[in-house]
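Tertiary structure, described
For reference, the chains in residue letters:
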Amino acid sequence: MSVPRAVLVLLALLALLVGVDNMQRPLAHPDEGRYSEISREMAATGDWVTPRLNGIKYFEKPPLQYWASAAAFRLFGESAFTARIYTALAGLLALVAVGYTARRLAGRDAALLAVGVLLSSPYFLGMGGVVTLDMGLTAWTTVAVCAFLLAAAGPPGERRRWMLIAWAGMALAVLSKGLVGIVFPAAAIFLHCLAHRDWRLLARLEWARGGALFLALTVPWFVLVSAANPEFPRFFFVHEHFERFLTKAHRREEPWWFFWPILFAGFLPWMLALVPAAVEGWRREAAAVGFPWRRFALLWSGFILLFFSASGSKLPAYILPVFPVFALVLGDWLARAEPRRLWKMVAIVAPLVAIGIAVAWGAPERARNAWTRDLYAAARPWIVAGLAVLAVALAAAALRLRAGHKGGALAAIVAASLLFIDFVEDGYERLAPRQSGFQVAETIRREAPPEARVYSVGLYDQTVPFYLGRTVTLVAYVDEFEMGLRSEPGRAIPTLEAFAADWVRPGTAVAIIHPDTYETLSTRGLAMTLLHRDERRILVRKP
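Described in the following lines is the structure provided in the data block.

Each value, and the rule that gives it
Residues numbered from 1 in each chain as written. Predicted model: local features only at pLDDT ≥ 70, side-chain atom pairs only at ≥ 80, totals over all residues. Heavy atoms only, no water. Axes fitted to C-alpha atoms, helices over the stretch in contact; angles between N-to-C directions. Helix = DSSP H or I, 4+ residues; strand = E, 2+ residues; numbered from the N terminus. Parallel < 35°, antiparallel > 145°, perpendicular 65-115°, else oblique. Left-handed = near helix turned anticlockwise from the far one by under 90°. Contact = heavy atoms within 4.5 Å. Nonpolar A, V, L, I, M, F, W, Y, C, P; charged D, E, K, R; others polar. Buried < 20%, exposed > 50% of the residue type's maximum accessible area, 1.4 Å probe, protein only. Phe/Tyr/Trp six-rings, centres within 6.5 Å; stacked < 30°, edge-to-face > 60°. Lys NZ or Arg CZ within 6 Å of the ring centre and 35° of its normal. Pairing = 2+ DSSP bridges. Salt bridge = Lys/Arg side-chain N within 4 Å of Asp/Glu carboxyl O. Disulfide = S-S within 2.5 Å.

Time to look at the packing of helix α9 (residues 159–177) against helix α11 (residues 207–228). Running from N to C, α9 and α11 point in directions that differ by 20 degrees, and their axes come no closer than 9 Å. As far as their axial angle goes, α11 and α9 are roughly parallel. Judged by the sense of rotation from one axis to the other, the crossing of α9 with α11 is right-handed. Facing R160, L164, W167, A168, M170, A171, V174 and L175 of α9, the residues of α11 in contact are W207, R209, G210, G211, L213, F214, L217, T218 and F222. Split by residue class, the contact of α9 with α11 holds 12 nonpolar, 3 polar and 2 charged.

In structure tokens form, the structure reads like this:
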């Protein structure tokens, strides 16, 4: 496959521009606000052991991303862009790991296409600009898997070095999002040994050195946080792992097939290549000499999909660790596939994208209220333009592939996908008034002095404390703060009656109130001056 170096450079620059643009929109509720605020408070207080959200103990996840973002805030200041630095770098790390590993295992063309697949997969590139913990987990599990594959399939003299890197990757994955950082690799190794009836691999895992490195990286924080907070071990290990997986306590119930549409849509331009790449990748190594790395990558991907499909708690980002590892298999398959076979797959995807144009065009009419309808209408031109660019490029690429021209056609798909992602991101930014509390925080800054009391009544907009640079007082709201408020109940006001009494004491005060709660307080005669109102929140000041 021949692609001029200048084209590769232009694609890399385009990817960089899209990635940077993806980092500059306002933070969105809930995840981006939550994790940015925890990091902001860590940087402000200097407490690097006990994570806090809105001043309340928060033990749902380990601290690696909080540490990294807190350090970024201290170095570069607090902003939405700075909050996204770690996730963007994590995405870049996954790309580098995949490209290097594919080059070593399958050659230059497979490496270029594996990286191209990731860059043009809307879900992966889009998540690189979203402040969640899943991209950090994805980066470190990808490092662990890639290092393991290089240890198992590479020269014996390099085995120890790569295996130790794999252990370090697992440790950092655990510090990113918990025990899944070691459960995923362990399950994939077990399934590999079971499928191939070869347990000798277990003797080559550098248990002593690797285990010592893993413990040295992970244990100190768990010991320190447990010593400072006796309630931590039970909440983190039992509630956040076993109860989250086995029960529906977190109210994130979805059907068993929930993740499959996300997987196929997430790989959008390559969606019809996923099944043949998986089937042929598995069959290709039926009689292969050496370590069957494609099968291992497929076992990894399959286990994560099945694991979360069986879970009682499901969120879309949970399967993000599948994307880089599966891209190894997909890039290898694309490098070997004949152009005249690929063109039919690409040609079918083009009209599917065109159908997406019709769906996006009608989105404003399906909105539940006028405010949301106006926001959707503002986003529509960007979304439709992005889909149109992708549909036209896919149709043109299909024609080029049918004529036998592979390299340029695939490069065009990558470029169009990058533009599509950028258009969608720009469209999503038009929804910021609905998704972010940035405007509310700006109104508070303008209408109230820094010493004013700020209440959050019946709701908690995760982004507001970050943009205010301070915590707020929760009123009649528990949700994810349940554990923290049990240990420190004085950090919130439990009832509307107690809030009404506190509201009238001397001093300036403002409150962000759920619309239903606002009506309740109004009927009770509480004096409030309206500053801002939308469908999700109301901002008032004490007269």
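Further remarks concern unusual backbone geometry. Residue H29 is joined to P30 through a cis peptide bond whose omega torsion reads 5 degrees. Considering the arrangement of structural elements, one finds P30 in the loop between α1 (5–21) and α2 (31–45). The backbone of N54 sits at a positive phi, close to 55 degrees, despite the residue not being glycine. Relative to the helices and strands, N54 resides in the loop between β1 (52–53) and β2 (56–57). Of the residues examined, N54 reaches a relative accessible area of 4% and is grouped as buried.

Looking at the secondary structure, you find G116 in helix α6 (residues 108–119). Sequence separation between G116 and L11 is 105 residues, and the spatial gap between their C-alpha atoms is 9.0 Å.

Our focus in this paragraph is the packing of aromatic side chains. Describing an aromatic ring pair means giving the distance of the ring centres and the angle of the ring planes. Applying the stated rule across the entire model yields 38 aromatic pairs. Both rings, one in Y123 and one in F323, keep their centres 5.7 Å apart while their planes meet at 40 degrees; by these two values the pair is tilted. Highlighted residues: Y123 in helix α7 (residues 122–127) and F323 in helix α16 (residues 322–336), separated in sequence by 200 residues. Here the aromatic rings of F438 and Y467 are separated by 5.0 Å at their centres, their planes lie at 75 degrees, and the arrangement is edge-to-face. Here the residue F438 occupies a position in helix α21 (residues 438–447), and Y467 occupies one in helix α22 (residues 464–468), the gap between them amounting to 29 residues. A residue is classified by how much of its surface remains accessible, and F438, at 34% relative accessible area, is partly exposed. Owing to a relative accessible area of 13%, Y467 belongs among the buried residues under this scheme. Members of the aromatic cluster, joined through ring pairs, are F184, F258, F259, W300, F303, F307, F308 and Y318. When the ring centre of Y35 is taken as reference, the NZ or CZ atom of R34 above it lies at 5.3 Å.

It is worth spelling out the pairing of strand β8 (residues 538–541) at this point. Pairing geometry for strand β6 (residues 509–513) and β8, over 4 bridges, is antiparallel. Within β8, the position partnered with V510 by the bridge is R541. Sheet topology note: the strand β7 (residues 529–533)/β8 ladder contains 4 bridges and is antiparallel. Along β8, the bridge assignment pairs R533 with I538. Counting the residues between successive antiparallel strands, the hairpin from β7 to β8 contains 4 residues.

Moving on, we get to the pattern of salt bridges. Close approach of charged atoms allows side chains of opposite charge to pair. Tallying each qualifying case throughout the model produces 30 salt bridges. Linking R104 and E158 is a salt bridge whose minimum nitrogen-to-oxygen distance equals 2.7 Å. In this pair, R104 is assigned in helix α5 (residues 85–106) and E158 in the loop between α8 (134–153) and α9, connecting sequence segments 54 residues apart. Taking relative accessible area as the criterion, R104 reaches 33% and is therefore assigned partly exposed. Under the relative-accessibility criterion, E158 is labelled partly exposed at 22%. A salt bridge links R294 to D332; the shortest N-O distance between them is 2.7 Å. Taken as a pair, R294 in helix α15 (residues 293–310) and D332 in helix α16 lie far apart in primary sequence, 38 residues in all. On the basis of relative accessible area, R294 is assigned to the buried category, the value being 10%. The structure contains a network of salt bridges with shared partners spanning R25, E32, R84 and E425.

A complete count under the given rule lists 0 disulfides for this structure. Left unpaired, C146 is separated from the closest cysteine sulfur, that of C193, by 19 Å. The buried category is assigned to C146, whose relative accessible area is 3%. Taking relative accessible area as the criterion, C193 reaches 0% and is therefore assigned buried.

What follows concerns the environment of P185. Residue position: P185 is located in helix α10 (residues 180–196). Judged by relative accessible area, P185 falls into the buried class, the value being 7%. A sequence separation of 11 residues divides P185 from H196, and the C-alpha atoms of the two residues are 17 Å apart. When neighbours within four sequence positions are excluded, P185 is seen to be in contact with M170, V180 and W300.

This brings us to the side chain of S309. On the secondary structure map, S309 appears in helix α15. For S309, a relative accessible area of 12% gives the class buried. Contact partners of S309, with chain neighbours within four places excluded, come to W256, F259, W260 and K314.

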